[in-house]
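Per-entry structural report
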Amino acid sequence: MMHVIETGSLTLEPQTAAHAEEMFAVLSDPAIYEHENEPPPSLEWLRARFAQLESRRSANGQQQWLNWVIRLPSSELIGYVQATVDRNGRAAIAYELSSPYWGRGLARQAVQAMISELVERLGFSPASLEQRMKHHVEPGERLMQREER
């Protein structure tokens, strides 16, 4: 179901355990953890985590995990984007970029490409004002939803 997403200047590849080594270097950037929790404890841990995420579903089947690594035209991996889709069709979106790429609009471009993929392939649409109020959507956040099938 997941496939490569091409944008003007980025490629989003479905994240797999094979990306762990390159992503370990990205996620070892100390600048990231001024704003986030902590880096992965080891390459082996990250490889196992990525292998788990390759299932694209939580163990209880309640969430769909959609993760892509972000690759530049130079072939360098610079981060990831992800969407965790719950059984009600709500998606939580996250991203992380290596600090040398902050402030260039690359995260915005990658997230927009992923959202377009979610909207088109998974049937998401913008949530109603009522739904946004119900879920306390903050200014600058976007709530998307999908009708149950």
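Refer to the structure presented above.
Throughout what follows, the structure given in this document is the object of discussion. If you're wondering where the values come from, they're calculated on a predicted model, not measured in any experiment. (Residues numbered from 1 in each chain as written. Predicted model: local features only at pLDDT ≥ 70, side-chain atom pairs only at ≥ 80, totals over all residues. Heavy atoms only, no water.)

1. Structural notes on the pairing of strand 3 (residues 63-71)
Of all 9 residues in strand 3, 8 are buried; the element is thus mostly enclosed. Across 4 bridges, strand 2 (residues 11-14) lies against strand 3 in antiparallel orientation. Paired with Glu13 across the bridge in strand 3 is Val69. Looking at chain direction, strand 3 and strand 4 (residues 77-86) are connected through 9 bridges and run antiparallel. Directly across from Leu66, in strand 4, lies its bridge partner Ala83. Hairpin connection of strand 3 to strand 4: 5 residues between the antiparallel strands, including Ser75 at a positive phi of 85°. (Buried < 20%, exposed > 50% of the residue type's maximum accessible area, 1.4 Å probe, protein only. Helix = DSSP H or I, 4+ residues; strand = E, 2+ residues; numbered from the N terminus. Pairing = 2+ DSSP bridges.)

2. Things to note about the pattern of salt bridges
Considering all chains together, one arrives at 3 salt bridges under this definition. Across the pair Glu22 and Arg71 runs a salt bridge whose closest N-O atoms are separated by 3.4 Å. Taken together, the residues Glu22 in helix 1 (residues 20-27) and Arg71 in strand 3 connect sequence positions 49 residues apart. Overall, the relative accessible area of 14% leaves Arg71 in the buried class. (Salt bridge = Lys/Arg side-chain N within 4 Å of Asp/Glu carboxyl O.)

3. What about the sheet that holds strand 1 (residues 5-6)?
Taken together, the 5 strands give an open sheet; going across it, the order is 1-2-3-4-5, and neighbouring strands pair in antiparallel fashion. Across the chains shown, the open sheet's two edge strands, defined by having one partner strand only, are strand 1 and strand 5 (91-97). As paired strands, strand 4 and strand 5 are joined by 7 bridges and run antiparallel to one another. Counterpart to Tyr80 in the pairing with strand 5 is Glu96. Contacts from helix 3 (residues 106-122) reach strand 1, strand 2, strand 3, strand 4 and strand 5, with the element oriented near 150° to strand 5. (Contact = heavy atoms within 4.5 Å. Axes fitted to C-alpha atoms, helices over the stretch in contact; angles between N-to-C directions.)

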